[in-house]
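Structural description and commentary
Listed here are the chains, written in short residue letters.
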Amino acid sequence: MATTSVNDFEILYSRDQIAQRVAELGAQVTRDLNGEKLVMVGVLKGAAPFLADLSRHIEADATFDFVATSSYGHGRQSSGAVKLIKDLDHPIEGKNVLIVEDILDTGLTLSYLRKLFLQQKPKSLRIATLLDKPSRRLEKIEADYIGFSIPNLFVIGYGMDYAEHYRNLPDIRLMPPDHPE
Ligand code: PRP
């Protein structure tokens with residue numbers, strides 16, 4: 001019997017489609033910066049490939065910082081509380097900050113981070129997300145830069161995982177519902 005390979009998982013966005021869209025977003029960020037400096041803050045771990053690629057399309061003096069969060073409890077419909085696992089390394093007061101996410105889902109993570117970062121009084125605070133699932137939103141929050149808006153699909157690849165696997169896939173694929181862990 002043939003075994004299922006990840007190459008059989010349906011591609012939602014190919015590496016070429018992602019590369020083109022990321023380049024467009026980078027150009028948009030560059031325009032909005034108007035020659036000013038930028039601090040890119042990646043939300044670990046899923047945002048790592050997007051941040052790396054996006055940064056190479058931003059023509060500005062950009063630095064990187066990273067935070068890590070986790071939700072209390074199990075699953076997406078958990079308590080709704082977000083916990084900070086790793087804080088920023090450097091203060092962001094007076095800086096132009098771009099939070100970089102792989103996916104905006106319920107909005108709990110980004111609402112939490114936005115509130116936290118605004119307390120430091122950055123000069124500007126914007127959000128870039130590669131994927132947006134607006135139908136899942138529990139908190140009122142929108143990204144300033146959106147790669148693709150999608151329905152409620154389970155996606156893997158380009159940073160996104162299933163039980164920590166598949167983050168390194170270059171394409172974004174659909175996780176089959178019946179796939180064993
Ligand atoms: C994912 C994603 C966002 C968050 C979005 O991270 O990277 O940080 O969920 O969900 P929300 O809008 O419902 O808060 P996850 O907790 O899966 O961690 P990971 O990036 O390490 O995969």
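The model shown is predicted, which means the values in this text are computed figures rather than measured ones.

Here we look at the pattern of salt bridges
Taken as a whole and judged by the stated rule, the model has twelve salt bridges. With a closest N to O distance of 2.8 Å, Arg 15 and Asp 171 form a salt bridge. Here Arg 15 is found in helix 1 (residues 15-33), whereas its partner Asp 171 is found in the loop between strand 8 (155-156) and strand 9 (172-174), with 156 residues between them in sequence. A relative accessible area of 46% means that Arg 15 is categorised as partly exposed. A residue is classified by how much of its surface remains accessible, and Asp 171, at 4% relative accessible area, is buried. As a salt-bridge pair, Asp 53 and Arg 56 come within 2.8 Å of each other at their nearest N and O atoms.

So, the packing of aromatic side chains
Per the counting criterion, the structure on display carries four aromatic pairs. Considering the side-chain rings of Phe 9 and Tyr 166, the 5.9 Å spacing of their centres and the 70° angle between planes classify their relative orientation as edge-to-face. With Phe 9 in the segment before strand 1 (11-13) and Tyr 166 in the loop between strand 8 and strand 9, this pair connects stretches of sequence that are 157 residues apart. A centroid spacing of 3.8 Å and a plane angle of 15° characterise the contact between Tyr 13 and Phe 148, whose relative ring orientation is stacked. Within this pair, whereas Tyr 13 is found in strand 1, its partner Phe 148 is found in strand 7 (residues 145-149), the two being separated by 135 residues in sequence. The class of Tyr 13 is buried, set by a relative accessible area of 15%.

Observations regarding helix 3 (residues 108-118)
Here helix 3 has its buried residues at Leu 108, Leu 110, Ser 111, Leu 113 and Phe 117. Considering only its buried residues, helix 3 is in contact with strand 2 (38-44), strand 3 (62-71), strand 4 (82-86), strand 5 (96-104) and strand 6 (124-132).

Some words on the layout of surface pockets
Size it by volume and the second largest pocket reaches roughly 200 Å³. Residue lining of the second largest pocket: Lys 37, Leu 38, Val 39, Asp 61, Thr 63, Phe 64, Asp 65, His 90, Pro 91, Ile 92, Lys 95 and Asn 96, and that is the complete set. Within the residue set of the lining of the second largest pocket, elements represented by two or more residues are strand 2 and strand 3. Sorting elements by how many residues they give to the lining of the second largest pocket places strand 3 first, with three residues. The residue inventory of the lining of the second largest pocket, partitioned by class, reads five nonpolar, three polar and four charged.

Rules used in this analysis
- Residues numbered from 1 in each chain as written.
- Predicted model: local features only at pLDDT ≥ 70, side-chain atom pairs only at ≥ 80, totals over all residues.
- Heavy atoms only, no water.
- Salt bridge = Lys/Arg side-chain N within 4 Å of Asp/Glu carboxyl O.
- Helix = DSSP H or I, 4+ residues; strand = E, 2+ residues; numbered from the N terminus.
- Buried < 20%, exposed > 50% of the residue type's maximum accessible area, 1.4 Å probe, protein only.
- Phe/Tyr/Trp six-rings, centres within 6.5 Å; stacked < 30°, edge-to-face > 60°.
- Contact = heavy atoms within 4.5 Å.
- 1 Å grid on protein atoms, 1.4 Å probe; cavity = no way out; pocket = protein on both sides within 12 Å on 5 of 7 lines; lining within 4 Å.
- Points joined across faces, edges and corners; volume = space filled by probe spheres on them.
- Nonpolar A, V, L, I, M, F, W, Y, C, P; charged D, E, K, R; others polar.

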